Amino acid sequence: MLNVKISNLKLKSPIILASGILGVSFSSMKRVIDAGAGAITTKSIGPIPRKGYKNPSIFEILPGTFINSVGLGNPGIEEFYHEIRKIKEYNFPLIVSIFGDTFDSYLKVALRAEEGGCDAIEINISCPHAKVSSIGINSELTYSLVQKIKKELKIPLFVKLNPNVTDICEIALAAEKGGADAVVAINTIASMVIDINTKRPILSHGSGGLSGKAIKPISIKKVYDLYRILKIPIIGCGGVYDWKDVVEYFLAGASAVAVGTALHKGIDIISKINENLILFLQENEYKSINNIKGLAHSYKTQEVPDFD
Amino acid sequence: MIQIVKIIRVIDECKDVKSILFKLDKSLIPKPGQFIMIWIPGIDEIPMSISDYKKDEYWGITVKIIGECTKALANLEEGDYIGVRGPLGNSFKIPEDKDKKIFLIGGGIGLAPLRFLSSELKKYGYSFKMIIGAKKENELVLVHKPDNIEISYIHYCTDDGSYGQKGFTIEIFKEIISSFSLDELKNTIVYTCGPEIMMLKLSEICIKKDITLYASLERIMRCGCGLCGLCALDPLGLLVCKDGPIFKSEELKKIKDFGKNKRDFSGRKINLN
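About the criteria used
- Here the residue index of a chain counts from 1 through its sequence in written order.
- Chains and ligands are labelled sequentially in the order written, the chains with letters from A and the ligands with numbers from 1.
- Whole-chain, interface and lining totals are the exception, using all residues; otherwise, since this is a predicted model, local features are given only for residues with pLDDT of at least 70 and side-chain atom pairs are given and counted only at 80 or more.
- Here contacts are defined at the residue level, using C-beta atoms placed from the backbone and a cut-off of 7 Å between them.
- Helix and strand definitions here come from DSSP, where helices need a minimum of 4 consecutive H or I residues and strands a minimum of 2 consecutive E residues; each element is numbered from the N-terminal end.
- Under the grouping applied here, Gly and all other residues not named as nonpolar or charged are polar, the nonpolar ones being Ala, Val, Leu, Ile, Met, Phe, Trp, Tyr, Cys and Pro and the charged ones Asp, Glu, Lys and Arg.
- A set of buried Ala, Val, Leu, Ile, Met, Phe, Trp, Tyr and Cys residues, joined to one another through C-beta atoms within 7 Å, is what we call a nonpolar core.
- Exposure in this text rests on C-beta crowding, where 20 or more other C-beta atoms within 10 Å of a residue's own make it buried, 12 or fewer make it exposed, and counts in between make it partly exposed. The C-beta atoms are placed from the backbone.
- Domain limits in this description derive from either an automatic procedure or a database domain assignment.
- The angle between two axes is taken between their N-to-C directions and runs from 0 to 180 degrees, where each axis is a line fitted to C-alpha atoms and a helix contributes only its stretch in contact.
- Any angle that is under 35 degrees is reported as roughly parallel, and any over 145 degrees as roughly antiparallel; angles of 65 to 115 degrees are reported as roughly perpendicular and all others as oblique.
- By convention the crossing between two helices is left-handed if the near helix lies anticlockwise of the far one by an angle smaller than a right angle, and right-handed if it lies clockwise.
- What the arc measures is the spread of directions leading from the helix axis to the C-beta atoms.
- A pair of strands is treated as paired once DSSP finds two or more bridges between them.
- Seen with the strands pointing away from the viewer, any crossover whose path from the first strand over the helix to the second strand runs clockwise is right-handed.

Caption draft 1: Examining the interface of chain B and chain A more closely. Each side of the interface is counted separately: chain B has 31 residues, and chain A has 34 residues. Counting residues per element, the ones that place at least two in the side of chain B that touches chain A are strand S4 (44-49) and strand S7 (81-88) of chain B. Considered class by class, the residues forming the side of chain B that touches chain A number 17 nonpolar, seven polar and seven charged.

Caption draft 2: How the structure looks around unusual backbone geometry. All names here are of chain B. Cis rather than trans, the peptide bond between Gly86 and Pro87 has omega equal to 5°. By the secondary structure assignment, Pro87 is in strand S7. With an omega of 15°, the peptide bond running from Gly244 to Pro245 counts as cis. Tracing the backbone shows Pro245 in the loop between strand S15 (238-239) and strand S16 (246-248). The backbone of Asp56 sits at a positive phi, close to 65°, despite the residue not being glycine. For Asp56, the position within the fold is in the loop between strand S5 (52-54) and strand S6 (58-64). Here the phi dihedral of Asp210 falls at roughly 65°; this positive angle occurs in a residue that is not glycine. Here Asp210 lies in the loop between helix H5 (196-209) and strand S13 (212-216).

Caption draft 3: Just the nonpolar core, in detail. Phe158, Val183, Ile235 and Val257 of chain A together with Ile38 of chain B are the most contacted members of the largest nonpolar core, which totals 171 residues. Both domains that furnish three or more residues to this core are identified here as domain 1 (3-88) and domain 2 (101-271) of chain B. Each residue touching Val257 of chain A, except ones within four places of it in the same chain, is listed here: Pro14, Ile15, Ile16, Ile235, Gly236, Cys237, Val240, Val246 and Tyr249 of chain A.

Caption draft 4: Summary view of the packing of helix H5 (residues 139-152) of chain A against helix H6 (residues 168-178) of chain A. All names here are of chain A. At their nearest, the axes of H5 and H6 sit 8 Å apart, and the two run at 25° to each other. By the angle between their axes, H5 is roughly parallel relative to H6. Crossing hand, H5 versus H6: right-handed. Residues Ser139, Thr142, Tyr143, Val146, Gln147 and Lys150 of H5 lie in contact with H6, whose contacting residues are Glu170, Ile171, Ala174, Ala175, Lys177 and Gly178. Among the residues forming the contact of H5 with H6, the class breakdown is five nonpolar, four polar and three charged.

Caption draft 5: The arrangement of helix H3 (residues 169-177) of chain B in detail. Residue and element names in this part refer to chain B. For H3, the complete set of buried residues consists of Thr169, Ile170, Ile172 and Phe173. Buried residues along H3 cover an arc of 160° about the axis, so they all sit on one side. If you follow the buried residues of H3, they end up packed against strand S8 (101-107), strand S9 (128-134), strand S10 (154-158), strand S11 (165-166) and H5.

Caption draft 6: Spotlight on the sheet that holds strand S11 (residues 189-192) of chain A. All names here are of chain A. If you trace the four strands from one edge of the open sheet to the other, you get S5-S6-S12-S11, paired in antiparallel fashion. The open sheet has two free edges, formed respectively by strand S5 (58-62) and S11, since each of these has just one partner strand. Along the sheet, successive strands turn relative to each other by an average axial angle of 45°, direction set aside. Judged from the four bridges that link them, strand S6 (residues 65-68) and strand S12 (residues 207-212) form a sheet pairing that is antiparallel. Across the sheet, Thr65 pairs through a bridge with Gly212, a residue of S12.

Caption draft 7: Region of the structure containing the domain arrangement of chain B. All names here are of chain B. Assigned domains within chain B: domain 1 (3-88) and domain 2 (101-271). Centre-to-centre separation of domain 1 and domain 2, based on C-alpha positions: 20 Å. With 20 residues of domain 1 in contact, the opposing surface of domain 2 contributes 22 residues. Broken down by secondary-structure element, the contributors of at least two residues to the side of domain 1 that touches domain 2 are strand S1 (3-14), strand S2 (17-22), strand S3 (35-40), S4, S5, S6 and S7. Looking at the side of domain 1 that touches domain 2, the element that brings in the most residues is S1, giving three residues. Taken together, the residues of the side of domain 1 that touches domain 2 sort by class into ten nonpolar, five polar and five charged.

Caption draft 8: Geometry of the pairing of S9 of chain B. All names here are of chain B. Of all seven residues that make up S9, five are buried, and the element is covered over most of its length. As paired elements, S8 and S9 share six bridges and run parallel to each other. Paired with Leu104 across the strands is Met130, a residue of S9. The parallel pair S8 and S9, bridged by helix H2 (residues 111-123), forms a crossover whose chirality is right-handed. Bridge count for S9 against S10 is five bridges, and the pairing is parallel. Bridge pairing in S10 places Ile131 opposite His155.

In structure tokens, the structure reads:
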């Protein structure tokens, strides 16, 4: 009932662990799978170890809404290669999120992760608090990078989209044209918090990316828009806390959803989402969650406002 | 949520150790063993055990100068701002049965969460023994001894014998329980915080003797609330910030990283010390 397919990846639940959340150690990733996730996306892995920004680097600013600027802290692909091997012992769908500082290093990291045995690559071209976002705001760069990696990669390639652009559709089409097998929409939204007492930005980096409840309506709109123009599947990402959020993403056109920030409520929220999704589908007599995909598009929306 | 608050008092505890008191939103009530993330503006943000709490009056942390961040924190003065997130994590489980034989065993700055625990135990009428150890006299963290705790319940030891008994906390503990019957051992609860190697040895003794033990662990963390994954303990994937920082002996037995490994800011696994 909850089975979905993204490219050639068969998932037993449409819930995917979002990149950047708990994706460091095989043991915490296994816990997320045991809780019922269909796949795992790792933290973004780069060519060399990187500590990222100092703390404060993640905190809650409104209930269920977080700001972060981790700055792509990661152990580097060589160290992480062994973690990939360990994760693969448990045999669940693994998506390794990667980034590089040049097109060549993107490719190198992607191929090494593939060699480690992962099932798909997600390229991070959109981290709002790191320089790699410069690719994700440019459709030509996006196209060239995706094409370059896709040419050499045997496993599916996903592209995580940057919402901090004028037209996300233009970038998504470039990714699709370059050969991307799916897009993940959206990465966090560029944002900032200044403390009025000390008069300083609180994040060590100053600004960061917003995730969680507050960004869901923004992400839903992006998924809705993308569904109209893309042929490849969309993984909805942003503010999924319960089964209703998953249903909403599917109605907008998502083929799966990524869950991240909500895990501060505990890993077992995933099993609750799965259970409640099944109840929803049964009550509404849908045989599969795929049957509700894009349904919101069957309703006409008003294009021109009324005048007196 | 982060609360930006003014420090209301700074207390000198011993060499390189200070306690810092501040007020938080009155609706928040901490439990012993929980921690908070402390932001030192312009410097860093670090997890700290809650070492003191007086309802409607103050919260306290006790900091030992170890690096740049703890130095900056210890040098703050009354009226300076800090940011506080929490209380976070689980807490020391206090037994319903007041006849349990309770030990609080702290090494060095590990005494911080035990101090808060001791005042709560005292408040609810539990009797207990404290074993406090340090390398030498001037490093013994008395943590402005809770005024309602009788000194006779406290055993001190130092590695060099400059104060109290010469030797380690574990030796004192072993000595005390050596006369315990099997029933008494089963009826014993140990709460500990300190160098992880000390806690590892202590947990081995407790598991062997069928004593219940709760240990407070510390790891590098960014979020403090189950997102960043840096504090994950292999191979169970338990998170120090969310499933901990307090772990029971049965769990500790299965955690291979206990007493051995932690992750640095990049997520690389490194040796604890």
